Amino acid sequence: MWLYSYRGDNPETELVEVATYARNIANRLRVRYSALETYLTGIIMMNNAFPEASQYDTKTLVPLTLLIVILLLELFLRGPLQQQLSRDSLF
């Protein structure tokens, strides 16, 4: 077990560095000892998971949500807009 405390220079950068380093160690252990189960736990991994999940959501869910909203607006407003345009064209 390794313990780490922040130096205080830049906690966000340190967090990513430590999490990446821990993942590299875990991957090397998995390759070297394939029968060994390796888990990454602790406050550093948990604190790193929140920004990673947020970045993933921003890249995938936000564009998907915008696409769905645009499609639904097109679907719901198509009828009223066409009716308004057909009324305006008669006069």
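The shown structure was predicted, so the numbers you read here are calculated from the model rather than taken from an experiment. Per chain, residues are indexed from 1 in the order of the written sequence. Totals for whole chains, interfaces and linings use every residue, but because this is a predicted model, local features are given only for residues with pLDDT of at least 70 and side-chain atom pairs only at 80 or more, for both listing and counting. With hydrogens and water stripped out, all remaining heavy atoms of the structure feed into the side-chain values.

**Student:** Break down the environment of leucine 15 for me, with residues and values.
**Tutor:** A run of H or I in DSSP counts as a helix once it spans at least four residues, and a run of E counts as a strand once it spans at least two, with each numbered from the N terminus. Here leucine 15 lies in helix H1 (residues 11–32). Exposure remark for leucine 15: the relative accessible area of 9% places this residue in the buried category. As for leucine 15 and methionine 45, which are separated by 30 residues in sequence, their C-alpha atoms are 8.3 Å apart. Each residue's exposure class comes from its accessible area (1.4 Å probe, protein chains only) as a fraction of the maximum for that residue type: buried when under 20%, exposed when over 50%, partly exposed otherwise.

**Student:** Before we move on, could you go through H1 and cite the residues and values that matter?
**Tutor:** Under the 1.5 Å per step criterion, the end-to-end length of H1 is 31 Å for 22 residues, consistent within 8% with the ideal 32 Å. Where H1 is concerned, the buried positions are Glu14, Leu15, Val18, Ala19, Ile25 and Ala26. Across the axial projection of H1, the buried residues extend over an arc of 125°, all falling on one side. Exposed positions of H1 whose direction lies more than 90 degrees from the buried face are Glu12, Tyr21, Arg28, Val31 and Arg32. A helix is expected to reach a length of 1.5 Å times the quantity of its residues less one. Arc definition: it is the arc formed by the directions from the helix axis to the C-beta atoms.

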